[in-house]
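Understanding the architecture of this molecule
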Amino acid sequence: MRKQVAESLLTQVMPALVSELLEAVADDLSQVEPEPPRPELEVRADDELRVVESVERCKAVLDAVGLEALARLRSTIESSELARFADLGRSKPPGWVDADELTAMEVCTATGLGTHELRARLALATARTPGAASLRHRLQRGVVTLHRACTIQGEIAALPVDCGPGIVDAVLRFKDGAPPSPTLFRQRLTRACLAADREAADRRRTARRRRGAHAQIDRDGLGVLNLVNDADKVVAAMERVDATARAARAAGDPRDLDSLRADIITDTLMFGWPDSAAACSGTLEPTTATEDTSRVVGDWFTRLGRRPSAVVRLVVPWSTAVGLTDAPCEVVGHGWVTADHARQMMLNDGSTWQRLGVDGESGAAQRLEPRAYRPTAAMRAQVEAVDGTCRAPGCTVPAARCDLDHDIPWPHGPTEVTNLTSKHRSHHNVHTHGHWLVRRDGDRVRWRTNAARIYDTYPKDWLEAVRDAAVISPPVDRTARPRPPRDDPPPF
C-alpha cells in the first residue's frame, strides 16, 4: 500500500506541485501594471510551455542530486577497495580495476545507462575544479541540462583550471532572451576552448588514441561503418573515393554519387581497389594493349556493388531459412536483419552453412563436453556457442571477442565447459581480482557487485527472435493464395 500511494503521489500530485513551485520562482513581482487580457489559446499555450520548462528545470535539479550520490558512491567503492587491497599486502596486479571503472560498471549494470555517458557524469561529479563547480551549481539551480554540463566538462577538463568558469559563462549566456541553440552552443564551446587552448599539440596526441572503426546494422537492414582517423587521411580518402565515383558516373553508371561512394568504400575493402588508371585518373582507357585488359578496365565500374562472400556469422532459425517464419535474424556481433535479408545473405555466392543444434525449450546451444587439461579449440567453440555474448550482467560483447574464464578459478575449478564462460576483458578482470564475486550453478552464473546487488545470467536464447516474432505478429498463412478478381478471364 505504501508503494502504491508513493507511486500515485509521484505520477499525479508531484508534477503539478513542481510546476506551481517553479512558476512561483519565475514570478516577476516588480511588475506593477497588469498585463492586458490575452486570447484563451495563447493562455493555454503559455501554461503548457511553463509545464515543459518546469519539467526541464526539475530534471536538472534531480540530476544534480544524482551527481552528488554518484560522487559518494565512487568514494565508498574506493574506500572499500583500498581497505581490501591493503589486506592483500602486495602490489596491484595487472588488470586491477580502479574505483572509477568499478563505479561505472556498478551504475551501468543497475540502470542500463551507457558506459560513455556514465563516465562523463562521473567526471563532472568528482572534478575538483572551479569550472566543474560552476556547472554543478547551475545544475542545482536548474538552469543547464546535464547533457550540456557533461559536454562542457569534457572539453574544459584538459584546459588550464582558471579558464573553466569563464568558458562556462561564455557558452551558456542567453541570446535574444533564450538559452543558446544546440548549434550556437557547440560553436561557442569550440571557439572558447580554442581561445584557451595552450596545449593543442598534447591534446591532439591524446585524441589520436580515439582512432578506430566499428560497424553496426540499423533497423532498416543497412550497415553503418564509423571510422575515426587523422583528418588528413580521412579527407584524402574521401577525395579519392569521390573521384572514382565521378569517373563511374562519367562512364555511364546510373547510380547516384552517394550510392557509388558507399559501394566503392565497401567493395575496395572486400575485393581490392579497382584499376588505378581508370579509377584514380578518371579515365577509362586501358593501360595495356591486350584485348582482355581493355575489357576489364573498360567496364571496371560495373563490378561495384557485388554481394560479399566473406565469412559472416548469421544466426538463422531453420524455420526462417525455409520460409515458415519471418523472425529477425542476428548477424553476430553487429545487429539484426529482416528474414528476407537473411535469406538473401544465405544464398550469396560463396556462403556456407553451419548447423548449431539448440534446445527447443530454452533456446540454449546443446553442449559437448570434451575433457582436456587446457581448453581445447572445440571447448572454446562450444562455450562461445552456448554463451553467445559475455556472461556478465547487461554486457553484449560477442563471445568470440571475450576471454574464456574459469568460474571457479583454476586449479580449484576444472577446465571443463561446465566451469568455463565467456567474459569481456573488463568483466574478466573484475572476477579475477575479486572486485565482483561470481558463482556458477548449472547454466546460471550469479554475480555479486560492490553494492551487494545480485544479477543472474544465463546462456543465450538463440530462439528469442522467433518467440518475440510469434508474440508481436500473428503467423502468416502461406497456404492461402490470393483470389483473382471476378472479372478476370479464366487462365486458358
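Residues numbered from 1 in each chain as written. Predicted model: local features only at pLDDT ≥ 70, side-chain atom pairs only at ≥ 80, totals over all residues. Heavy atoms only, no water.

As recorded in an unreviewed UniProt entry, the protein chain goes by DUF222 domain-containing protein and comes from Terrabacter ginsenosidimutans.

Next up on the list: helix α15 (residues 339-346). Burial within α15 is extensive, with six of its eight residues counted as buried. Buried residues of α15: A339, H341, A342, R343, M345 and M346, and no others. (Buried < 20%, exposed > 50% of the residue type's maximum accessible area, 1.4 Å probe, protein only. Helix = DSSP H or I, 4+ residues; strand = E, 2+ residues; numbered from the N terminus.)

For the rest of this paragraph, the subject is the pairing of strand β7 (residues 420-423). On a regular strand, each side chain points to the face opposite its neighbour's, so the side chains alternate between the two faces of the sheet. A two-sided burial pattern is seen for β7, the buried positions comprising L420 and S422 on one face and T421 and K423 on the other. Here strand β6 (residues 403-406) pairs with β7 via four bridges, running antiparallel. From the neighbouring strand, D405 faces β7, where its bridge partner is T421. (Pairing = 2+ DSSP bridges.)

Turning our attention to a nonpolar patch on the surface. On the surface, a nonpolar cluster with roughly 390 Å² of combined accessible area is contributed by L225, L269, M270 and F271. Its place among the elements puts L225 in strand β2 (residues 223-228). (Patch = residues over 30% accessible without salt bridge, like charges linked within 9 Å, V, L, I, M, F, W, Y side chains within 5 Å. Areas by Shrake-Rupley, 256 points an atom, 1.4 Å probe, with all protein chains shown as cover. Salt bridge = Lys/Arg side-chain N within 4 Å of Asp/Glu carboxyl O.)

In spatial order, the strands read β8-β9-β10; together these three strands make up an open sheet with antiparallel pairing. The strands lining the two open edges of the sheet, one partner per strand, are β8 (437-441) and β10 (454-457). Averaged over all pairs of adjacent strands, the angle between strand axes in this sheet comes to 20°, irrespective of strand direction. Of the pairings in the sheet, the one linking strand β9 (residues 444-448) to β10 comprises four bridges and is antiparallel in character. Note on β10: the bridge partner recorded for W447 is Y455. (Axes fitted to C-alpha atoms, helices over the stretch in contact; angles between N-to-C directions.)

When a protein is soluble and globular, its nonpolar side chains tend to lie buried together. L124, L139, I152, I167, V171 and L172 are the most contacted members of the largest nonpolar core, which has 33 residues in total. Going through the elements one at a time, α2 (40-88), α3 (99-111), α4 (115-126), α5 (130-141), α6 (146-156), α7 (164-172) and α8 (182-196) are the ones with two or more residues in this core. Residues I77, V397, C402 and W447 belong to the second largest nonpolar core, which totals 14 residues. (Core = buried A, V, L, I, M, F, W, Y, C linked by side-chain atoms within 4.5 Å.)

The next subject is α7. Here α7 has its buried residues at G164, I167, V168, V171 and L172. Relative to the axis of α7, the buried residues are bounded by an arc of 110° and lie together on one face. Looking at the packing, one finds that the buried side of α7 touches α5, α6 and α8. (Arc of directions from axis to C-beta. Contact = heavy atoms within 4.5 Å.)

What follows covers the pattern of salt bridges. Tallied over the entire structure, the rule returns 23 salt bridges. Notably, a salt bridge pairs R255 with D253, separated by 2.6 Å at the nearest N-O pair. Owing to a relative accessible area of 23%, R255 belongs among the partly exposed residues under this scheme. Beyond isolated ion pairs, a larger network of salt bridges with shared partners links D242, R246, D258 and R261.

Here we come to the pairing of β2. Pairing of strand β1 (residues 212-217) with β2 involves six bridges; the strand directions are antiparallel. Across the sheet, residue G212 finds its bridge partner in β2, namely V228. If you look at the hairpin formed by β1 and β2, you'll find five residues sitting between the two strands, and G221 has a positive phi there, around 85°.

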